[in-house]
Amino acid sequence: MTQVTKLSSIIHCDMDAFYASVEQLSNPELQDKPVVIGGNPKSRGVVATCSYEARKFGIRSAMPLAEAFRRCPHAIFLPPDFSKYKKASKEMHKIFYDYTPLIEPISLDEAFLDVTGSLNLFGTVESIGTEIKQRVKQELGLTVSVGIAHNKFLAKLASDMSKPDGFLVISRERLQEFLDPLDVGRIWGVGQKTAQRLKNLNIRTIRDVRLLDKRILENLFGSYGHQLYLLARGIDNRPVESDRQVKSVGREITFAVDITAYDQLERVVMELSVDVGRHLRRTQMQGKTVTLKVKYNDFKTITRSKTLDIAANLDEIIYSEARGLLENTLTKPIRLIGVSVHNLTEKSDNQLSLFGEGEESKSKLTRAMDIVRDKFGEESITRARLLDVKD
Ligand SMILES: [Mg+2]
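Caption draft 1: Representation of the overall build of the chain in the model. Scanning the chain from terminus to terminus reveals 16 helices and twelve strands. The buried share of the chain, reckoned over its 391 residues, is 34%. Taking the intrachain contacts of the chain between residues at least 6 apart in sequence as the baseline, contacts between residues at least 24 apart amount to 61%.

Following this line, the structure appears as structure tokens:
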């Protein structure tokens, strides 16, 4: 039997004790200590989040601060610093965007990623999840729990159940076996009230829910009853909805020493173009407008753009446009230079090329080089290509 429907690959990423971890990262004195984010323990507020060291004392999110203080008077109580958390969240999203533009943020520290379209480029959903987890640790110093499944409900369940520092895949084959013994409270949308109502009816596990007739569930819970019926079977068809369209992909660099040599600029523009092209291909995007940004040593900034007839994502095309825009810009020493591509549209892997055969083979070559770079690192090919262009 052939499988007709294309299965989704969903990753749910959830940072562990996010606010507290960011605070501990920014102040080494807080490391390995019970840290409670929420504010003054004598105030009437509640705990926003707390470090795992604080959790050992029974402190939990949403607990009154006074209660947290009673449990652990020597904990360090801090007011939340959202600008700090937003910054960390942005960094985390940058990593996500390397793998897919389909990101649905749930909160600052939690998001769904649909990587179905990225599998051709990156291998398996598991390898993407592993890479994201490693990069968040290495690049941001934070731990993220990763849940993987073919829909949002199961992906979130997987990360919740593997926390902290978790990594869990719920496979389709073993999904019912996995779900059945779980408490009803694990079902998406079942809060304390609904859980209590179910337990009063002696419905304690997901299996208990599954064995109920659909009509009984609908009589008990109205339209949510139908959802319960589906969720108990691991069925969830909600798509990952990215709230913002990616409008552009760009790279820029600020020089330690202002640049005055044209060939040096050209070289940097090439490297930036390769980076941008690579990111576009990774996320299966292409763009029509190439923009060059130049900031001089007096901080005056200019931007120049060129719109192509056909959207592109090949390094050569981006570079040749950017290099064209670079002409006559070196009127003063340059402090920063940037290349970006706007006017983005999706480009799937197997989309027919609108270019002639020449472009087709360039595109194949680029893809081959992407594979080498995935394997051996960014530097492996870029340098050789720079030399090529010089010739
Ligand atoms: Mg979290």
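Caption draft 2: Inspection of the environment of S320 at higher detail. Counting through the fold element by element, S320 comes out in helix α14 (residues 315-326). When the 16 C-beta atoms within 10 Å are taken as the criterion, S320 is described as partly exposed. The spatial distance from the C-alpha of S320 to the C-alpha of V290 is 9.9 Å, given a sequence separation of 30 residues.

Caption draft 3: Just the sheet that holds strand β5 (residues 103-107), in detail. Ordered by their spatial adjacency, five strands build an open sheet running β5-β6-β1-β7-β8, and the pairing between neighbours is mixed. With one partner strand each, in any of the chains shown, β5 and β8 (167-169) form the two edges of the open sheet. Mean inter-strand twist for the sheet, computed between neighbouring axes without regard to direction, equals 15°. As judged from the three bridges shared by strand β7 (residues 144-149) and β8, these two strands associate in the parallel manner. Opposite I148, over in β8, you have V169 as the bridge partner. On the sheet, helix α7 (residues 152-162) packs against β1 (10-15), β6 (110-114), β7 and β8 and is oriented at approximately 145° with respect to β7.

Caption draft 4: Just the sheet that holds strand β12 (residues 334-346), in detail. Strands sit in the order β9-β12-β10-β11 across an open sheet of four strands; the sheet is antiparallel. Only two strands of the sheet have a single neighbouring strand rather than two, namely β9 (248-259) and β11 (301-312). Strand-to-strand, the axes of this sheet are offset by a mean angle of 15°, without reference to chain direction. Bridge count between β9 and β12: eight bridges; the pairing is antiparallel. Within β12, the residue paired with G250 across the bridge is S340. Packing against the sheet, helix α13 (residues 262-282) makes contact with β9, β10 (285-296) and β12, and its axis sits at approximately 30° to β12. Running over the sheet, α14 touches β10, β11 and β12 and is turned about 145° from β11.

Caption draft 5: The pairing of β7, seen in detail. With respect to burial, β7 is a largely interior element, six of its six residues being buried. In β7, alternate side chains face the same way, and those of V144, V146 and I148 on one face and S145, G147 and A149 on the other are all buried. One ladder, built from six bridges, connects β1 with β7; its direction is antiparallel. Within the sheet, the bridge partner assigned to I10 lies in β7 and is A149. Where the polypeptide runs from β7 across α7 and back to β8, its parallel neighbour, the crossover connection is left-handed.

Caption draft 6: Main features of helix α1 (residues 18-26). Counting buried residues in α1 gives seven out of nine residues, a clear majority hidden from the surface. Within the span of α1, buried status applies to F18, Y19, A20, S21, V22, E23 and Q24. In this fold, the buried residues of α1 make contact with β1, β2 (35-37), β3 (49-50), β4 (76-78) and α4 (82-97).

Caption draft 7: Spatial organisation of α14. Spanning twelve residues, α14 covers 16 Å between terminal C-alpha atoms, matching the ideal 16 Å at 1.5 Å per step. Within α14, burial applies to D315, I317, I318, Y319, E321, A322, L325 and L326. Trailing α14 by a residue or two, N328 shows a phi angle of about 65°, which is positive.

Caption draft 8: Molecular detail of the environment of T366. Tracing the chain through its elements places T366 in helix α15 (residues 357-376). Its 19 C-beta neighbours within 10 Å are what place T366 among the partly exposed residues. The spacing of T366 and N313 is 53 residues in sequence and 9.9 Å in space, taken between C-alpha atoms.

Caption draft 9: Region of interest: the packing of α1 against α4. Taken N-terminus to C-terminus, the directions of α1 and α4 make an angle of 95°; their axes are 10 Å apart at the nearest point. Classed by the angle they form, the pair α1 and α4 counts as roughly perpendicular. Facing α1, whose interface residues are F18, Y19, V22 and S26, α4 presents K84, Y85 and A88. Along the lines of polarity and charge, the residues of the contact of α1 with α4 split into five nonpolar, one polar and one charged.

Caption draft 10: Representation of the nonpolar core. Judged by nonpolar contacts, the single largest core of 63 residues is most densely connected at I11, V36, C50 and L113. If one sorts the elements of this core by residue count, α7 sits on top with five residues. Two domains share this core, each providing at least three of its residues, namely domain 1 (1-171) and domain 2 (175-231). C50 has contacts with A17, A20, V35, V36, I37, R55 and I59, leaving out every residue within four places of it along the chain. V290, L314, L325 and V339 belong to the second-largest nonpolar core, a separate cluster that totals 24 residues.

Caption draft 11: Structural context of unusual backbone geometry. Backbone torsion omega between K163 and P164 reads -10°, so that peptide bond is classified as cis. Backbone geometry places A17, a non-glycine residue, at a positive phi of 40°. Relative to the helices and strands, A17 resides in the loop between β1 and α1. A tally of 24 C-beta atoms within 10 Å means that A17 is categorised as buried. Backbone geometry at N343 places phi at a positive 60°, although glycine is not the residue there. Structurally, N343 can be placed in strand β12.

The rules behind each value
Residues numbered from 1 in each chain as written. Predicted model: local features only at pLDDT ≥ 70, side-chain atom pairs only at ≥ 80, totals over all residues. Helix = DSSP H or I, 4+ residues; strand = E, 2+ residues; numbered from the N terminus. Buried ≥ 20, exposed ≤ 12 C-beta atoms within 10 Å, placed from the backbone. Contact = placed C-beta atoms within 7 Å. Pairing = 2+ DSSP bridges. Axes fitted to C-alpha atoms, helices over the stretch in contact; angles between N-to-C directions. Right-handed = clockwise from strand over helix to strand, strands pointing away. Expected span 1.5 Å × (residues − 1). Parallel < 35°, antiparallel > 145°, perpendicular 65-115°, else oblique. Nonpolar A, V, L, I, M, F, W, Y, C, P; charged D, E, K, R; others polar. Core = buried A, V, L, I, M, F, W, Y, C linked by C-beta atoms within 7 Å. Domains from an automatic or database assignment.

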